[in-house]
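Fold and contact review
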Amino acid sequence: MKQSVKRMAVLTAAGALALTSLTGCTSFDNDDAVATVGKEEIPAGVANFYARMQQAQYETYYAPMMGTTGEALWQQEMEEGKTYEESTKETLLLNLENLYLIRQHAEEYEVALTEEDTKAIEEAAKKFDEDNALEEKEAVSGYKKYIEEYLELVTIQSRMDPKMKEGVNEEVSDEEAAQKSMKYVYFPYSTTDADGNTKDLTEDEKKELKKTAQTFADTLKVSETKDIDALAQKGGYEVKTTTFDSESTAPNADLVKALDALTTEGDVTDVIESDYGIYVGKLTSLLDREATDTEKTNIVAQRKQEQYDSLLADWRKETEITENKKVWNKIDFEKQGVTAKQSDDQYDDAADAE
């Protein structure tokens, strides 16, 4: 089938999509099963629509951030013997199977679609159907029944998420969540000129810089106030502030280790050398209240997520899941690009510019 390049606006429940390169039509039957979860089949139409929604996010936002195009992104090797497309699709199929598993257990948690949910889903599917021609719908399997199925799955998942995370222990002690705070000065082994060009220091320059950093550390240690801000300002250095615990690795693992070993607030480290520069740090708090409270929230969130993941793992063990890779592999990212757009006006402007 000869590949053609077209620009088409496709409105979905998650925003507008623009198909950038088409092979012409899908090469599978939308009612073919890409997988079976228990007694439920996952239609290729639902899988294709879900996959294209996710693909749009990758091609619109992630690819530009990585300095590449959507097509080139999918060709990149993610890990040995596996492309980015293969790795992403592997995750997407797993997530889609989980959506079906969650819906199958929704009754146990007294979760069901409301009349309002059903009406909103029907309206979204109807609008998509009305706003798009046959070719657009064929490309993303954007037909009413598949869109409604997809929206029902994600709506139920959103209702199930808090239910599946209920009951975890939300008590977290200060000791468990303790976060310390530091101030530090970094002496880099490179310089940057006004044009942004970076130049590495010579070995002799590095030795001189180490002497400078050592003098800074020694002066700070014997200072009555140990005012790192004032001393840094005097020398023209930048002071940075961050919080940490024994598991932290930023800004530098050795610096964190040295600061974590200090027992008195205000104590200063020796010079800490790294491959790219030198650090001098000051312990400013043995228990940063704000950071510790934030970490407590993070710990509770992690416990909830672990319970959620554990439930899904158990359900997967209890349920027979078979995958039809022959059908799933026909949903090709590299040959059919999908990008998101914000509005019809923006889309039209972009098309005119081409």
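This write-up is about the structure you can find in this document. Residue numbers run consecutively from 1 along every chain, following the written order of its sequence. Note on the predicted model: pLDDT of at least 70 is required for a residue's local features to be given, and 80 or more for side-chain atom pairs to be given and counted; whole-chain, interface and lining totals, by contrast, use all residues. Values shown for side chains rest on all heavy atoms present in the structure; no hydrogens or waters enter the calculation.

**Section: helix H11 (residues 289–318)**
Counting from the N terminus, the helices are the DSSP runs of H or I reaching at least four residues and the strands are the DSSP runs of E reaching at least two. Residue count minus one, scaled by 1.5 Å, sets the expected span of a helix. Its 30 residues place the ends of H11 44 Å apart at the C-alpha level, agreeing with the 44 Å of an ideal helix rising 1.5 Å per residue. Three or more residues of H11 are buried, namely Ala291, Thr292, Ile299, Val300, Arg303, Tyr308, Leu312 and Trp315. Check the buried side of H11 and you find it contacts helix H3 (84–104), helix H6 (144–164), helix H7 (174–177) and strand E10 (239–244). Here a polar contact means two N or O atoms within 3.5 Å. Within protein one must be a hydrogen donor candidate and the other an acceptor candidate, and residues neighboring in sequence count only if both atoms are side-chain atoms. Regarding H11, its N-cap is aspartate 288, as a side-chain oxygen of that residue lies 3.3 Å from the backbone nitrogen of glutamate 290 further along. Categorising residues by exposure relies on relative accessible area from a 1.4 Å probe, with only protein chains included: less than 20% of the type maximum marks a residue as buried, more than 50% marks it as exposed, and the intermediate range marks it as partly exposed. The contact criterion used throughout is that any non-hydrogen atoms of two residues lie within 4.5 Å.

**A few points about the pairing of strand E7 (residues 180–188)**
When E7 meets E10, the two strands line up antiparallel, connected through six bridges. Bridging from a neighbouring strand, tyrosine 184 pairs with lysine 240 of E10. Being paired, for any two strands, means DSSP has found at least two bridges between them.

**Regarding helix H1 (residues 44–65)**
For H1, with 22 residues, the first-to-last C-alpha span of 30 Å sits near the 32 Å given by 1.5 Å per residue. Across the chain, bend at a residue is computed as the angle between axes fitted to the seven residues ending at that point and the seven starting from it. Of all bends in H1, the biggest is about 30°, found at glutamate 59. Immediately downstream of H1, the backbone of glycine 67 shows phi near 70°, a positive value.

**A closer look at unusual backbone geometry**
A cis amide bond links alanine 250 to the next residue, proline 251, at an omega of 5°. With respect to the helices and strands, proline 251 occurs in the loop between E10 and helix H10 (253–260). Even without being a glycine, serine 141 presents a positive backbone phi close to 55°. Inspection of the secondary structure puts serine 141 in the loop between helix H5 (134–140) and H6. The class of serine 141 is buried, set by a relative accessible area of 0%. Not every positive phi belongs to a glycine, and lysine 226 is a case in point at roughly 50°. Looking at the element boundaries, lysine 226 is found in the loop between helix H8 (203–222) and helix H9 (228–235).

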